[in-house]
Amino acid sequence: MRLEKGRPFPLGVIKAGEDRVQAAIWLPGRSSCKLCLYRDGKLFKKIEMFSMKEAGMKDIFSVVLTGSDVAEQLEGVEYDFLADGKKVPDAYARAVAGREKFGKKQGKVRGCMDFADFDWSGENWRRLPVDEMILYQCHVRGFTRHASSGVEFPGTFAGLQEKIPYLKELGVNTLLLLPVYDFNEKMEQTNEKGEKKTNYWGYTGDAFYLAPKAGYCSGRTSPSTEFKSLIKALHQNGMNIVLDMYFVGRTPEFILQCLRYYALNFHIDGFRINQDCMDTRWLHRDPLLSHVKLLGNNWGEQPAGDSDTVCMEMNDGFLIDARRYMKSDEGQTENFYRRFREQRNGVGVIHYITQNNGFTLRDLISYDVKHNEANGERNQDGTEYNYSWNCGAEGPTRRKAVLRMRQKQERNAFVMLLLGLAVPMLLAGDEFGNSQKGNNNAYCQDNSTTWLNWRLLDKNRETFDFARGLIAFRKNHPLYHQEKNFTGMDNRGLGAPDVSCHGKKPWVTDFSYYSRELGILYYGGYFGAESLYFVFNFHWDSHDFYLPTLEAGQRWRLLLDTSVEEREKEAGYITEKYRMAPRSIAVFEGVCTRPGKSGRRKKNQ
């Protein structure tokens, strides 16, 4: 290899052209730097790097290695830097060695040279518009690590790829992955045995952000290649992928470079950002990142332009209001009505009723309080405000009345989440009753607490089918694919507002403190299909709901009732009123019963 002076940017080690590899690093306060190369953990070469002081940047050092097939020769070689006699890792490393086994203490952590090309042909990549997105929050390791997953490579990118047919069957189309960059999962904090805890989720600043996690790789190829194979397979199946990026102590320039790197080189469709890391207005004004989805807690109002919505807001507002309404708290009816029809100008809204931080859905309906003893913090960690209800017994039970109520509450939660106007997000495993045994802060549990038990899929097939059916309904119904937001007014003179609020009697809203009854009408003339009427009764008594009168020749037909196990589903059409069971939801569709007439309206009529 021959050595040449390189450029100051980009930082890190890259293939800089045919027969050229460049290394560059910024080291404030250092006067010299060497590039150290290792094979099989042993140092075999030190290379003096050139200072960029002639260009006015004396603290940036770079070198270009040239020679025939130099990139091929250096593929897989480990490296770090020696600056003024002190070892320095490469914060811009595209691959990392020393963390190949998740949770295990291994050798020295160093950068690893990775220049392999990837064949993206046949990818058929399409970024989904906001109205089509159905998110699925997933942990790469926990999704398939359990022996019941049945995959060849459990706990890896390859294992997740093996589960794509399952994801398609469920109907979700956008994966939100917890951190997949190479974070340090060994924490300084210890458990009762004096062992260092495992940072299972990956929210830490001790990370190589540009390197896909080696511990999530099967070892058949490099982590970046295996991750790209997963992404390509998702895109080939019409799915998108969003990465959860949690930055700590990084400059805005680093964050922008990191996100651009994933967007360009890994074809990532979006990012969830912790907005305290920088002024995130830079992101949706960036020439490249303005074309991917940006998920955050609060974007404010954004101008609605001609381009697709970029900023998407996800916070706990819906989670809190939906949980409180579902458990029959007072004063929640108005809050839930506004959440169920929530839309924002220029901003996509994402709703979830569970996420990785907190109870799973099955635990939400099975525990009144958290049970985090296994975390080794005397149950002092995790939020006390879960807004959960155990339906009459704490934890597992055989009491039939309690189990029936839990089944109904589970269905209620799916309807509230999947049939609202906002983009829904499911937590992986909720669709088949996954439980963390009441742990609402399982950040350090790399075991059966957080690994999905796929045997539950057969046990809870009815739950899975119910969620799958709602997703299919959402995908196919015009209500959820409108170009303009609903206003709550009859601004086209069709005889009814596009969306309207009702109580036990039509057109009579009851937002009083003790009200738990709600009706929501979406008028079909505004979206070119039959009208839909949602009825919510979260009182502990049954109530008669009188349905709004439709135009001549139309009647209401029951589509679903979450309390169907308590009685036979009513056949035929509903003429005037419907008896709602306690704590249940029903959905009605207005259909034409006049011979030779269609109840449908043309879109935008």
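Each remark here, short or long, concerns the structure printed above.
Notes on the structure in this doc start here. Here, residues in each chain are numbered from 1, in the same order as that chain's written sequence. This being a predicted model, a pLDDT of at least 70 is required before a residue's local features are given, and a value of 80 or more before pairs of side-chain atoms are given or counted; all residues contribute to the totals for chains, interfaces and linings. Values reported for side chains reflect all heavy atoms of the structure, with hydrogen atoms and water molecules removed beforehand.

1. A word on the sheet that holds strand β26 (residues 532-537)
Strand pairs in the sheet, formed through backbone hydrogen bonds, run parallel or antiparallel to each other.
Phase 1: Read from one edge to the other, the open sheet built from 6 strands follows the order β24-β25-β26-β31-β28-β29, with strand pairing classed as antiparallel. One side of each edge strand has no neighbouring strand; the edge strands of this open sheet are β24 (499-502) and β29 (573-574).
Phase 2: With 6 bridges joining them, strand β25 (residues 517-522) and β26 adopt antiparallel strand pairing. Bridge pairing in β26 links I520 to F534.
Phase 3: The contact definition used throughout considers only heavy atoms, calling two residues in contact when any of these lie within 4.5 Å. Every axis corresponds to a line fitted to the C-alpha atoms, with the helix fit spanning only the stretch in contact, and the corresponding angles, defined between N-to-C directions, vary from 0 to 180 degrees. Numbering goes from the N terminus for both helices and strands, where a helix is a DSSP run of H or I of at least four residues and a strand is a run of E of at least two. Helix α8 (residues 333-340) rests against β24, β25 and β26 of the sheet, and its axis sits at about 25 degrees to β25.
Phase 4: Contacting β26, β28 (554-561) and β31 (584-592), helix α10 (residues 400-418) crosses the sheet at an angle of about 50 degrees to β31. Two strands qualify as a pair provided that DSSP identifies no fewer than 2 bridges between them.

2. Here we look at a negative patch on the surface
Phase 1: Negative charge collects at one region of the surface, where E18, D19, D69, E72 and E75 lie side by side.
Phase 2: Mapped onto the secondary structure, D19 falls in the loop between β2 (12-17) and β3 (20-26). By definition, no residue in a patch forms a salt bridge, and every one has over 30% relative accessible area; like charges are joined within 9 Å, nonpolar side chains (Val, Leu, Ile, Met, Phe, Trp, Tyr) within 5 Å. The method behind every accessible area is Shrake-Rupley, applied with a 1.4 Å probe, and residues are considered shielded solely by the protein chains displayed. Any carboxyl oxygen of Asp or Glu within 4 Å of a side-chain nitrogen of Lys or Arg constitutes a salt bridge here. We count Lys and Arg on the positive side and Asp and Glu on the negative side, and we leave His and both chain ends out. Charge placement uses NZ in Lys and CZ in Arg. For Asp and Glu, CG and CD serve respectively.

3. Here's the deal with the pairing of strand β4 (residues 33-39)
Phase 1: Exposure categories follow from relative accessible area, calculated using a 1.4 Å probe and restricted to protein chains: below 20% of the type maximum is buried, above 50% is exposed, and the middle band is partly exposed. With 5 of its 7 residues buried, β4 lies for the most part within the structure.
Phase 2: Pairing of β4 with strand β8 (residues 78-83), which is carried by 6 bridges, proceeds in the antiparallel orientation. Bridge pairing in β8 links Y38 to E78.
Phase 3: In terms of strand pairing, β4 meets strand β5 (residues 42-48) through 6 bridges, oriented antiparallel. Bridge pairing links Y38 to L43 in β5.
Phase 4: Connecting β4 to the next strand, β5, in antiparallel fashion are 2 residues, including D40 with a positive phi near 55 degrees.

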